[in-house]
Amino acid sequence: PADNRSFDAVVDGLVNVLSAVDRLHHIADAFNNLERRPTKEPVSIARLIYEITTLLNYKIARLGAKVTVSGDAEVALVTDASLIEHVVINVLANALDAIEGVSERARGVPELRIVCRSSEQRIEIDILNTGPPIELTRPERIFEKGFTTKRRGIGHGLGLYLCRVV
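Given the structure is predicted, the values throughout are model-derived calculations rather than measurements.

**Q** Would you mind going over the overall build of the protein with me for this structure?
**A** A count of helical and extended segments in the protein gives six helices and five strands. Element order for the protein, N to C, with α for helix and β for strand: α-β-α-α-β-β-α-α-β-β-α. Expressed as a percentage of the 166 residues in the protein, the buried residues total 28%. Long-range pairs, those at least 24 residues apart, make up 64% of the contacts in the protein with a sequence separation of at least 6. A total accessible area of about 11200 Å² is found for the protein, and carbon and sulfur atoms account for 54% of it.

**Q** Just checking my understanding: could you explain the nonpolar core for this structure?
**A** Judged by nonpolar contacts, the single largest core of 19 residues is most densely connected at Ile52, Leu56, Leu92, Leu96, Leu112 and Cys116. Those elements that place two or more of their residues in this core are α2 (45-55), α3 (57-63), α4 (81-100) and β4 (111-118). Here this core takes six residues from α4, the largest share from any one element. Once residues within four sequence positions are removed from consideration, Cys116 is found in contact with Ile45, Ile49, Ser70, Gly71, Asp72, Ala73, Glu124 and Ile125.

Criteria and thresholds
- Residues numbered from 1 in each chain as written.
- Predicted model: local features only at pLDDT ≥ 70, side-chain atom pairs only at ≥ 80, totals over all residues.
- Heavy atoms only, no water.
- Helix = DSSP H or I, 4+ residues; strand = E, 2+ residues; numbered from the N terminus.
- Buried < 20%, exposed > 50% of the residue type's maximum accessible area, 1.4 Å probe, protein only.
- Contact = heavy atoms within 4.5 Å.
- Areas by Shrake-Rupley, 256 points an atom, 1.4 Å probe, with all protein chains shown as cover.
- Core = buried A, V, L, I, M, F, W, Y, C linked by side-chain atoms within 4.5 Å.

Take it as geometry only, folks, not as evidence of what the structure does.
Right under this line is the structure:
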């Protein structure tokens, strides 16, 4: 072509399309794995977190959030991985919603920190964000069916309720 900038723009566009297709493939694969995994198979926490952040990548990218994972993420657990994924997806989605509710100027670079700790019989996953804390006069209500701190039409009050039931 006579103008290399036009050619470069087309190449950049194709690279972006291929990246998007690759991301969609990872998202579809993650959704498929939610239901197809054997219920009692070893799975690493790092793999679960990778799949979950792939599912939520659209929101993470839109917010420009930085996600870090630290601690014992390579530990494998034998469990129904889809149930653990369900819980972590809900908590991460809530953390992203909290970040989203803060003005861009006030929040700086949004962060999600996932910290994993393990002992002989226990694995803990802490999810921390740079959003505001939940203001509750009765914190025990957070797991009640139908309870939400989100504005009407946004939250349904089922996410954390289902996490508790799981």
